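Chain by chain, the residues:
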Amino acid sequence: GQSAIAAQYSLRAMVELYRRGVWRDAKTVNVVAGALSCAHAKLRVAALHFLLGAHDEAVADDDEDEAGERAEALRSSLG
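Source: prediction; values computed, not measured. (Residues numbered from 1 in each chain as written. Predicted model: local features only at pLDDT ≥ 70, side-chain atom pairs only at ≥ 80, totals over all residues. Heavy atoms only, no water.)

Peer 1: Where do I start with the packing of aromatic side chains in this structure?
Peer 2: Think of a pair of aromatic rings as described by two things: how far the centres are apart, and how the planes are tilted against each other in angle. Scanning the model with the defined rule gives one aromatic pair in all. Pairing tyrosine 18 with phenylalanine 50 gives two aromatic rings, centres 5.0 Å apart and planes at 85 degrees, and the pair type is edge-to-face. Here phenylalanine 50 lies in helix 3 (residues 41-51) and tyrosine 18 lies in helix 1 (residues 2-19), a separation of 32 residues in the sequence. On the accessibility criterion, tyrosine 18 (15% relative accessible area) is buried. (Phe/Tyr/Trp six-rings, centres within 6.5 Å; stacked < 30°, edge-to-face > 60°. Helix = DSSP H or I, 4+ residues; strand = E, 2+ residues; numbered from the N terminus. Buried < 20%, exposed > 50% of the residue type's maximum accessible area, 1.4 Å probe, protein only.)

Structure representation (structure tokens):
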């Protein structure tokens, strides 16, 4: 229902704010961890991915991709 949709948006917002360093504290992590006991599977999976560090790895992968693209552009411009 509507409460599941609201919870999903709230969880996404909290994870994004954590990832950006805005809400990077234990309270935020505890609230996300609370989603593990939710009846909705999508919320449990999202919380589990967050707690296992999947979001941090995704950010690291993006940073590595961007660094690789910049290095390739530099190589092509040099020679």
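So that's the structure; there's more coming.
Peer 1: Would you explain the pattern of salt bridges in this entry?
Peer 2: Between side chains of opposite charge, a pair can form when the charged atoms approach closely. For the coordinates displayed, the defined rule picks out two salt bridges. Between glutamate 16 and arginine 19 there is a salt bridge, and its shortest N-O distance comes to 2.5 Å. Here the residue glutamate 16 and the residue arginine 19 both occupy positions in helix 1, the gap between them amounting to three residues, near one helical turn. Arginine 19 sits in the partly exposed class, given a relative accessible area of 35%. We note a salt bridge from arginine 20 to glutamate 16, for which the minimum N-O separation is 2.6 Å. Owing to a relative accessible area of 27%, glutamate 16 belongs among the partly exposed residues under this scheme. (Salt bridge = Lys/Arg side-chain N within 4 Å of Asp/Glu carboxyl O.)

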